[in-house]
Amino acid sequence: MDIWAKKLEDQYQTLEEHTLWVCDEALKQIDDKTLQKVANISGWSTDKIKDLIFFSAYFHDMGKATIEFQNTIKSGTQSYHAMYSASILESIQDFEFLEDDIYINLLLVIALTHHSLMPYTANSSSFGFLNEAQDFFHNYKTLYKSAFKKECSYSFDFHISDDIKLEIENIENDLKLIQQTNKLRVLYTYVSGILNLADWIASARFTKTTPITTFDFIPSKKDFISHLTFDKLRDFQDELADCTQSVLVEIPTGEGKTEGSLLWAIKNIYNENTKIIYTLPTQTTSNKLYERVQNFFNKNECGLIHSNAKVFLEKEYERDNGVVDEHFQSDFLVSKSFNKPVTVSTIDSLLKYFINIGRFNIATKNFLNSVIIVDEVHSYDFKLMGFLKRFLELCYEYDVKVCLMSASIPNKIKELLNIKDYPVITQNNLFKKKANEIRKMHCELDDDFDFIFEKFEESKNILIIRNTVKSATDTYKYLKERYSLNNKKILLYHSTFKKKDKNKKECLIFKKLASKKSFILVATQIVEVSLDIDFDVMFTDNAPIDSLIQRFGRVNRKKNENNKGKIYIYKYAKAFPYTNLYLLDLTFDVIQDGYFEFREYVKWLNSIYDKLFEIDKSVINEISRLFDEAYKKYDGTIKKLSGINKSSDNYDLRDITFQKNDYLLYDDYMDGQTKYDYTISLPYYLENKYLYTSQIATKYEILNLKYSFQEGILFTEEKTGLNELGE
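Residues numbered from 1 in each chain as written. Predicted model: local features only at pLDDT ≥ 70, side-chain atom pairs only at ≥ 80, totals over all residues. Heavy atoms only, no water.

### Details of the packing of aromatic side chains
And step 1. In total, this model carries 52 aromatic pairs according to the counting rule given.
And step 2. Between tyrosine 144 and phenylalanine 148, the aromatic rings sit 4.7 Å apart at their centres with planes inclined by 50 degrees, giving tilted as the arrangement. With tyrosine 144 and phenylalanine 148 both in helix α8 (residues 140–148), this residue pair falls 4 residues apart, about one helical turn. Summarising the burial analysis for this pair, tyrosine 144 and phenylalanine 148 share the class buried.
And step 3. Considering the side-chain rings of phenylalanine 539 and tyrosine 568, the 4.9 Å spacing of their centres and the 10 degrees angle between planes classify their relative orientation as stacked. With phenylalanine 539 in strand β16 (residues 537–541) and tyrosine 568 in strand β17 (residues 565–570), this residue pair connects regions lying 29 residues apart in the sequence. (Phe/Tyr/Trp six-rings, centres within 6.5 Å; stacked < 30°, edge-to-face > 60°. Helix = DSSP H or I, 4+ residues; strand = E, 2+ residues; numbered from the N terminus. Buried < 20%, exposed > 50% of the residue type's maximum accessible area, 1.4 Å probe, protein only.)

### Side note on the sheet that holds strand β20 (residues 680–683)
And step 1. Strand order in the open sheet made by the 4 strands is β20-β19-β22-β21, with mixed pairing throughout. Strands with a single pairing partner mark the edges of an open sheet, and in this sheet they are β20 and β21 (691–692).
And step 2. By the bridge criterion, 3 bridges tie strand β19 (residues 660–665) to strand β22 (residues 701–703) in an arrangement that is parallel. Bridge pairing links tyrosine 663 to glutamate 701 in β22. (Pairing = 2+ DSSP bridges.)

### Let's talk about helix α15 (residues 309–321)
And step 1. Between its first and last C-alpha atoms α15 spans 18 Å; for 13 residues at 1.5 Å apiece the expected length is 18 Å, and the two agree.
And step 2. By the burial criterion, the buried members of α15 are Ala309, Leu313, Glu316 and Tyr317. Down the axis of α15, the buried set is contained in an arc of 95 degrees. They therefore lie on one face.
And step 3. Packing partners of the buried residues in α15 comprise α14 (283–293), β7 (302–305) and α16 (326–335).
And step 4. Phi for glycine 322, located one or two positions after α15, is positive at around 90 degrees. (Expected span 1.5 Å × (residues − 1). Arc of directions from axis to C-beta. Contact = heavy atoms within 4.5 Å.)

### Some words on the packing of helix α10 (residues 182–206) against helix α18 (residues 360–368)
And step 1. At a minimum axis distance of 7 Å, the contact between α10 and α18 shows a crossing angle of 105 degrees. Overall, the two elements α10 and α18 adopt an arrangement that is roughly perpendicular. Contacts between α10 and α18 involve Arg185, Val186, Tyr188, Thr189, Tyr190, Ser192, Gly193, Ile194, Asn196, Leu197 and Trp200 from the first element and Phe360, Asn361, Ile362, Thr364, Lys365 and Leu368 from the second.
And step 2. Counted by class, the contact of α10 with α18 contains 9 nonpolar, 6 polar and 2 charged residues. (Axes fitted to C-alpha atoms, helices over the stretch in contact; angles between N-to-C directions. Parallel < 35°, antiparallel > 145°, perpendicular 65-115°, else oblique. Nonpolar A, V, L, I, M, F, W, Y, C, P; charged D, E, K, R; others polar.)

### Here's the deal with the pattern of salt bridges
And step 1. In this structure the tally under the stated criterion is 34 salt bridges.
And step 2. Where salt bridges share partners, they join Asp24, Glu25, Lys28 and Arg205 into one cluster. (Salt bridge = Lys/Arg side-chain N within 4 Å of Asp/Glu carboxyl O.)

### Thoughts on the sheet that holds strand β14 (residues 490–493)
Hydrogen bonds between backbone groups are what pair the strands of a sheet, and the pairing can be parallel or antiparallel.
And step 1. Ordered in space as β14-β15-β13-β16-β17-β12-β18, the 7 strands form an open sheet in which the pairing is mixed. Every interior strand has two partners, whereas the edge strands, β14 and β18 (594–597), have only one. Neighbour-to-neighbour, the strand axes of the sheet open up by a mean angle of 20 degrees, direction not taken into account.
And step 2. For strand β13 (residues 462–465) and strand β15 (residues 520–523), the ladder comprises 4 bridges, and the chain directions are parallel.

### Brief notes about the confidence of the model for the chain
Atomic detail in the predicted coordinates should be set aside for any region of low pLDDT.
And step 1. When the pLDDT values of the chain are averaged, the result is 89; 94% of them are 70 or greater.
And step 2. The least confident element of the chain, judged by mean pLDDT, is helix α9 (residues 165–180) at 78; the most confident is helix α3 (residues 46–59) at 98.
And step 3. Note that pLDDT drops below 50 for residues 643–650; the model gives that stretch 19 contacts with residues more than four away or on any other chain. (pLDDT = per-residue confidence, 0-100.)

### Some words on the state of the cysteines
Every disulfide links exactly two cysteines, by a covalent bond between their sulfur atoms.
And step 1. Taken as a whole, this structure holds 0 disulfides when the rule is applied.
And step 2. Cysteine cysteine 302 shares no disulfide, and the gap to the nearest cysteine sulfur, in cysteine 403, comes to 18 Å.
And step 3. By relative accessible area, cysteine 302 is classed as buried at 5%. (Disulfide = S-S within 2.5 Å.)

### Remarks on the environment of tyrosine 140
And step 1. The topology assignment puts tyrosine 140 in helix α8.
And step 2. Sequence separation between tyrosine 140 and tyrosine 154 is 14 residues, and the spatial gap between their C-alpha atoms is 9.5 Å.
And step 3. Those residues in contact with tyrosine 140, other than ones at most four positions away along the chain, are Phe54, Phe55, Tyr58, Phe59, Cys152, Tyr154, Ser155 and Phe156.
And step 4. Here phenylalanine 156 takes part through its backbone nitrogen, which lies 2.7 Å from a polar atom of the side chain of tyrosine 140. (Polar contact = N/O pair within 3.5 Å; in protein donor to acceptor, adjacent residues only side chain to side chain.)

### A word on unusual backbone geometry
And step 1. Notably, serine 459 is not glycine yet its phi reads approximately 65 degrees, a positive angle.
And step 2. Take serine 459: it is sitting in the loop between α22 (449–457) and β13.
And step 3. One non-glycine residue with positive phi stands out, namely lysine 516, at about 65 degrees.
And step 4. Along the chain, lysine 516 turns up in the loop between α24 (499–515) and β15.

### Comments concerning the pairing of β13
And step 1. Of the two faces of β13, both are covered, the one formed by Ile462 and Ile464 as well as the one formed by Leu463 and Ile465.
And step 2. In this structure, β13 lies alongside β16, joined through 4 bridges in parallel fashion. The residue bridging isoleucine 465 from the neighbouring strand is threonine 540, located in β16.

Okay, here's the thing in structure tokens:
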């Protein structure tokens, strides 16, 4: 009698074949370098770890050789095959972790947790193995010899535990011990991560939806360069292409840091299993880079991870294939844990896997054999930097190479992150370039609209950056009405637009810039990082020096000294949405009028941060409140969550004044438009006044607010909080 493991419509797969495939896929995941890392940390030999991987793969589904699971296959009744597997692994003591007061049967725990934890009940504990189960069990020696080309020295007895209840009751404690004991945690996550991934891939083989998780061939520098749009590498790119250690890259915006970092990553790929992980601050920048890396790597080798990645990828897949099918679902499921050879991710998504959100074990397994790029490292707040510092320490501890990149990171922040001793790759002549003439305006931007319009009449593309949504919207409305500008001449862009309209507006911005016809873009600081745009003239509210330098990069991006850009910085009397008025005043005082090399900006940056850290006590308090607490919370959270039950994703890695949620608008809901594209990201507090309670359950909450494509949310009342809402 055949023992069934899988069913797809009227097709069945035997337990023997599925197990063979899982063992095959598991052994493919092993590479000598990562294996040796785990051996060094855990104290186990490499051979013993390989054996644990093999037997975890062989026995993990042993519980499917039961009457109960066969009934599940045939009629869909509930069963608990992982627990049934554990009942025969209790007597196998060859893979026990023994140290001090810790005693854990790792083979049993890995098998028991390879799906998720289940509650122990009288019904779940009642099961019986098939007569054929013993024959399958004892076949491990044959498969072991085939896999390792040597005789199997292990002798296991087929013994069913009389009462598995105790193991089930103790599993939570075992998992806590695993999280609290570093060497045990690394060993468990590595082996269980390999098992989970191998099980997924084997299951996908059965459904003929096998995803790509390894490089088809290891990319080379020569192959990468052949896809570049320029002929010769810059000096810093050449240096990165030969660098084999963690590094800090300090290069101005628009000079090719992305290409340089990918050359560094290619140099540090160890084998086909190595993962390149490239992180960015926002979903928008991650989406753009994901599209861009496909110019250098096989599209099927590239993945995207952030909280809304599935919607973005579904659209792309539907565009290319007509319909979202099982191939997409399988590929996306696997890609979520950094299994793709090249993954673009928000920094938040990467860090959350290491506080046990979701399938942390697969992500950790991939992390151990990865090279990681952290772009725009200067752009994070103190809270996220606290998490980042701890993550960088883990990278050092596990010998995972990291490339940190920034156009302008203050020395004080380097000290805070403990990266001052990182080798630095830079290129001095790039900092000698000039792009923009800067003028400080000792008035509010609202008082200078006539001057702004004069510049527009000179056939210039004008970028206006306001610090809040309300001031940006008011500016847009005033200019449009006062100077009779139609929609072709002026555009508003900020965070309170529907997802589909933000995409449309981004396309419009790039289209208008490409047309060379002058127009005005009024925006918030959302454009600092999210969009690679290039304007002739910028008028901006004063902001912290980091933000201003980012804004400078949106004017004369190519640094054409024959057509220098113009930047006007206006005195900004309010603090919102920023919290430090002293920093704003200090920034405005230190910045000078004139036409400067980029290295002068870096001098301003360090001067301001030196004074800030020396004089402003609120900064020290903020570091203690945000940075230090986040740094400590990283390890604390790891010890609280097992990561096997899917942990709630409720850990905010950033210091956000107004927490946001995705909402549908009432008019769209009434028109039946309830897809993600129609949602809009707005602060929670708006629920207090505008929440609409539907009689029908919806995926998103509904707000009864008016809206237009031109302006976004239309608030008729002054006290809505938009005066404090940035972006």
